[in-house]
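What follows is each chain in one-letter form.
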Amino acid sequence: FRTAEQLQEESGVGVFGQLPLLPKRQRKDVVQYLIDKPTSAAAEAVRNLRTSIMLSNVDNPPKVLMTSSSVPGEGKTTTAISLALNFSSMGRKVLLIEGDMRRRVFNKYLSGEGGSSIVDVLTRTADINDAIVRVDSMGIDVLRASATQTNAADLFSSDRFSEMVSDLREQYDTVIIDTPPVLVVPDARIIAQRVDSIIFVVKWDSTQKGQVRAALASFESVGRPVDGLVLN
């Protein structure tokens with residue numbers, strides 16, 4: 001897909017935004033770039049994406065969002081982190097959750113370590129307040145993932161996850177969950193049942209059209225179609 005119009009026409013899903021390639025080689029530089037250059041084309045594109053998300057339901061703006069994609073490497077994590085920073089800049093209380101327990105790339109973007117993780121919270125071996133870490137440079141809270149022998153899909157299917165999301169709705173203005181690619185593992189389709197808005201990222205001139213169609217169909221198969229697309 002090379003244009004938003006083409007993506008929207010062939011998918012039948014609205015395109016919420018288009019994000020340009022950031023002029024940074026390292027993931028750790030992405031956040032600082034957006035902080036240092038709030039008027040850049042990239043920052044403005046993220047701002048437009050945020051506006052589209054909030055206007056997608058004017059009467060009941062989404063509080064809990066998730067990002068996903070067809071396959072790895074499409075930029076869904078960068079999109080999630082960029083959105084978290086942008087919502088925070090509005091004065092909102094934001095929590096960013098690492099829902100991809102297999103790849104766990106947050107540490108490549110964000111500073112600070114947490115002693116506990118979302119795995120510990122969902123297995124009831126740690127309190128969520130001990131697992132959430134503050135990232136002062138972004139003004140957000142972060143709940144990281146960790147390696148686990150337990151199947152991630154089972155953890156997200158648990159009552160504990162449902163309870164956790166319900167509690168976080170009361171504590172935060174915006175919660176963003178970065179989930180695994182939907183064609184790789186079932187986690188994203190399970191998490192989708194607990195969120196208000198699904199933001200689906202498509203990498204420009206890269207992801208095959210058949211992959212995008214299959215990914216969108218997989219969300220529809222569980223009664224939770226994607227709310228909006230991002231051409232990244």
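Provided above is the structure to which this section pertains.
This structure is a prediction, so every number in the text was calculated from the model and none was measured. (Residues numbered from 1 in each chain as written. Predicted model: local features only at pLDDT ≥ 70, side-chain atom pairs only at ≥ 80, totals over all residues. Heavy atoms only, no water.)

1. Some details on the overall build of the protein chain
Using the following cut-off: A run of H or I in DSSP counts as a helix once it spans at least four residues, and a run of E counts as a strand once it spans at least two, with each numbered from the N terminus. Each residue gets one of three labels from its accessible area relative to the maximum for its type: buried under 20%, exposed over 50%, partly exposed in between, using a 1.4 Å probe on protein chains only. Any pair of residues with heavy atoms lying within 4.5 Å of one another is described as a contacting pair. The accessible surface values rely on the Shrake-Rupley method and a 1.4 Å probe; as for residues, cover is taken only from the protein chains in view. The charge count treats Lys and Arg as positive and Asp and Glu as negative. His and the chain ends do not count. Charge coordinates come from a single atom per side chain, which is NZ of Lys, CZ of Arg, CG of Asp or CD of Glu.
For the protein chain, the helix and strand inventory stands at eleven helices and eight strands. By principal-axis analysis of the C-alpha atoms, the protein chain measures approximately 45 × 40 × 40 Å. A buried classification covers 52% of the 232 residues belonging to the protein chain. Contacts spanning at least 24 positions in sequence make up 77% of the contacts within the protein chain whose residues lie at least 6 apart. Entry remark: accessible area of the protein chain is about 10500 Å², with carbon and sulfur atoms responsible for 43%. When the 27 basic and 28 acidic side-chain charges of the protein chain are each reduced to a single mean position, those positions are 5 Å apart.

2. Looking at the packing of helix α2 (residues 28-36) against helix α4 (residues 76-89)
Threshold: Axis lines are fitted to C-alpha atoms, over the contacting stretch for helices. Their N-to-C directions set the angle, which ranges from 0 to 180 degrees. In this scheme the handedness of a crossing depends on how the near helix is turned from the far one: anticlockwise by less than a right angle means left-handed, clockwise means right-handed. Following the grouping adopted for this structure description, the nonpolar residues are Ala, Val, Leu, Ile, Met, Phe, Trp, Tyr, Cys and Pro, the charged ones are Asp, Glu, Lys and Arg, and the polar ones are all others, Gly among them.
Where α2 contacts α4, the two axes come as close as 11 Å, and the packing angle between them is 35°. In terms of crossing hand, the pair formed by α2 and α4 is right-handed. Residues V30, V31, L34 and I35 of α2 pack against T78, I81, S82 and L85 of α4. Grouping the constituent residues of the contact of α2 with α4 by class yields six nonpolar, two polar and no charged.

3. Some details on the pattern of salt bridges
Definition in use: A side-chain nitrogen of Lys or Arg and a carboxyl oxygen of Asp or Glu constitute a salt bridge if their distance falls within 4 Å.
Applying the stated criterion across every chain yields a total of twelve salt bridges. Between E10 and R213 there is a salt bridge whose closest N-O contact spans 4.0 Å. In this pair, E10 sits in helix α1 (residues 4-11) while R213 sits in helix α11 (residues 209-220), placing the two residues 203 residues apart along the sequence. In this structure, a network of salt bridges that share partners links the residues E10, K209 and R213.

4. Focus on the packing of aromatic side chains
Our working definition: Each Phe, Tyr or Trp ring (for Trp, its six-membered ring) is paired with any other whose centre lies within 6.5 Å, and the angle between the two planes then decides the class: stacked below 30 degrees, edge-to-face above 60, tilted in between. Two conditions define a charge sitting above a ring: the NZ of Lys or the CZ of Arg must be within 6 Å of the ring centre, and it must be within 35 degrees of the ring normal.
The full count for this structure, using the stated rule, is two aromatic pairs. Seen from their ring centres, F200 and F219 are 6.3 Å apart, and the 85° between their planes marks the pair as edge-to-face. Pair noted here: F200 is in strand β7 (residues 197-202) and F219 is in helix α11, with a separation of 19 residues, a long-range link. The residues F200 and F219 share a single accessibility class, namely buried. Against the face of Y172 rests K93, its NZ or CZ located 4.9 Å from the ring centre. Over the aromatic face of F1 sits the side chain of K209, whose NZ or CZ is 5.9 Å from the ring centroid.

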